[in-house]
Amino acid sequence: MNKVLVIGCGMQAYGAALDVIKFSNPKEVILADAFPEMTTKLIAFLEKHTKPQKLTALKLDAGDIDATAKAAQGCDLILNTAPYKYAVDITKAAIKAKVPMVDLGGDTDMVLKQLELSNEAKAAGITIIPDCGMGPGMTNITVGHAMEILDTADEIITRDGGIPTNGKPPLNYHLVFNMETLTNEYTEMTTQMRDGKFIQIMPMEEIEQCNLPVVGHVEATHGMGMLSTLPWTYKGRVKNLENKFVRYPGHLAFWKAAREIGFFSKEPIKTDNGMFQPRALSKAVLEKFLMPKGGEKDISFIQTISKGTTKDGKKLQIEHWIADYSDAVTGLTSMQRSTGFTGAMVGQMIVSGAIKEKGVLPPELGVPKMAFFDLIKTRGFEFNWSQKEI
């Protein structure tokens, strides 16, 4: 690989950039962010844990399509790890520069807008795959694998989470990705499928008690954006399709109460000290409280259970399990690995030619499943899948 542009130097960029350097050894990696101090920290991390040929820092406004396209000129790949609000603009920049792109997704409305640009990407001769994080991302790929085996499905449930291995009260959680994305998971409606129809569910309106491998007794609830494009991709083939994110008991009760009280409202309210937005204040307080202090260990995992019928009439249950742990050597959290590595792996599959189709493709359709599963095992992820007749 010659040159890669990484846009956004936050948490997930650490995993994405580390992976692409380690496994593809590009001649140059351009690290772009609006805040130079973010780039400086990432460069120091990469120089400590890899042997990059060349790292170039670039101050960039990810919302500036022309500037982003100019920065991408001559690159083999754009790895977009910036907040999802920039996804459409960076997609347009990738098309203008005629450079393949992957991003980490997280907002279904944004991804649907990106898919509308598919013909333009085809005309530019490039492949763009959004939503290549853990969930959405790996979750989409496990569901896509099941649906390559099944003709129709009565039920597909995915459960995923990134949680401390030893949660500490009162929230039993620490922040492992962008705070705004986390808040949206708890406060925005999510699209799921029941009885073959799209339904809208508010997170934490339905909480499931369950026992999962490794983590034991946990609670699961629907979250915004995690199913992403899956309901649209498999409409007419899947009857019930749901995704739930997982937390330790007690965590969801706090967030639900805080949401209902109004702590995440975007409407400014008047106080003795002037006007302020509750969501902005909550973000500042919670971000400080939840930020890992160092030394915490965590686990990220996906469980997918799919029940359906093959074209020859066999009724099958297909299960997938993926898990990963924080890395004591690099200091990466399991979420940085699971999210950042996924984007990097899919990007490298595009550059290598393992993914040939052009256009904007959701991961459940664009990513070769078994080849991807082989890659995650090379990164040290736990992975297994099975099928049985029912």
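A short tour of the structure in this document, coming up. The shown structure was predicted, so the numbers you read here are calculated from the model rather than taken from an experiment.

Let's talk about the packing of helix α8 (residues 179-187) against helix α10 (residues 251-261)
In step 1: Look at α8 against α10: their axes get within 10 Å of each other, and the N-to-C directions meet at 85°. Classified by the angle between their axes, α8 and α10 sit roughly perpendicular to one another. Of the residues in α10, those touching α8 at Met179, Leu182, Tyr186 and Thr187 are His251, Leu252, Trp255 and Arg259.
In step 2: Here the contact of α8 with α10 is composed, by residue class, of five nonpolar, two polar and one charged.

Remarks on the sheet that holds strand β17 (residues 359-360)
In step 1: Taken together, the seven strands give an open sheet; going across it, the order is β3-β2-β1-β4-β5-β6-β17, and neighbouring strands pair in parallel fashion. At either margin of the open sheet sits one strand with a lone partner, and together these are β3 (55-59) and β17.
In step 2: Taken together, the four bridges between strand β1 (residues 3-7) and strand β4 (residues 77-80) define a ladder with parallel strand orientation. Note that in β4 the partner of valine 4 across the bridge is leucine 77.

Digging into the environment of threonine 187
In step 1: Relative to the elements of secondary structure, threonine 187 occurs in helix α8.
In step 2: For threonine 187, a relative accessible area of 14% translates into the label buried.
In step 3: Spatially, the C-alpha atoms of threonine 187 and phenylalanine 264 are 7.6 Å apart, while their sequence positions differ by 77 residues.
In step 4: Non-local contacts of threonine 187, meaning those with residues more than four positions away in its chain, are made with Met202, Pro203, Arg259, Phe264 and Arg279.

Focus: the nonpolar core
In step 1: In terms of nonpolar packing, the biggest core is built from 60 residues, with Leu31 and Phe372 touching the most fellow members.
In step 2: Among the nonpolar cores identified, the runner-up in size contains 28 residues, and Ala62, Ala93, Ala121 and Ala124 belong to it.

Points about the packing of aromatic side chains
In step 1: Summed over all chains, the structure comprises 10 aromatic pairs.
In step 2: Ring centres of phenylalanine 198 and tryptophan 232 lie 5.0 Å apart, and the angle between their planes is 70°; on these two criteria the pair is classed as edge-to-face. Linking phenylalanine 198 in strand β9 (residues 197-201) with tryptophan 232 in helix α9 (residues 230-233), this pair joins segments that are 34 residues apart in sequence.
In step 3: Every member of this aromatic cluster is reached through a ring pair, and the members are Tyr186, Phe245, Phe254, Trp255 and Phe264.
In step 4: Positioned over the ring face of phenylalanine 381 is arginine 337, at 5.5 Å from the centre of the ring.
In step 5: The lysine or arginine in question, arginine 379, covers the ring of phenylalanine 23, its NZ or CZ lying 3.5 Å from the ring centre.

Looking at the pattern of salt bridges
In step 1: Scanning the entire structure with this criterion turns up 13 salt bridges.
In step 2: Here aspartate 19 ties to arginine 379 by a salt bridge, and the two come within 2.8 Å at their closest N and O atoms. You can see aspartate 19 sitting in helix α1 (residues 11-24) and its partner arginine 379 sitting in the loop between α14 (369-378) and β18 (382-389), a full 360 residues away along the chain. As far as the burial class goes, aspartate 19 and arginine 379 line up, both buried.
In step 3: Lysine 283 serves as the salt-bridge partner of glutamate 287, at 3.4 Å between the closest nitrogen and oxygen. Taken as a pair, glutamate 287 and lysine 283 lie in helix α11 (residues 278-290) at a separation of four residues, close to a single helical turn.
In step 4: Owing to a relative accessible area of 26%, glutamate 287 belongs among the partly exposed residues under this scheme.

Conventions used here
Residues numbered from 1 in each chain as written. Predicted model: local features only at pLDDT ≥ 70, side-chain atom pairs only at ≥ 80, totals over all residues. Heavy atoms only, no water. Axes fitted to C-alpha atoms, helices over the stretch in contact; angles between N-to-C directions. Helix = DSSP H or I, 4+ residues; strand = E, 2+ residues; numbered from the N terminus. Parallel < 35°, antiparallel > 145°, perpendicular 65-115°, else oblique. Contact = heavy atoms within 4.5 Å. Nonpolar A, V, L, I, M, F, W, Y, C, P; charged D, E, K, R; others polar. Pairing = 2+ DSSP bridges. Buried < 20%, exposed > 50% of the residue type's maximum accessible area, 1.4 Å probe, protein only. Core = buried A, V, L, I, M, F, W, Y, C linked by side-chain atoms within 4.5 Å. Phe/Tyr/Trp six-rings, centres within 6.5 Å; stacked < 30°, edge-to-face > 60°. Lys NZ or Arg CZ within 6 Å of the ring centre and 35° of its normal. Salt bridge = Lys/Arg side-chain N within 4 Å of Asp/Glu carboxyl O.

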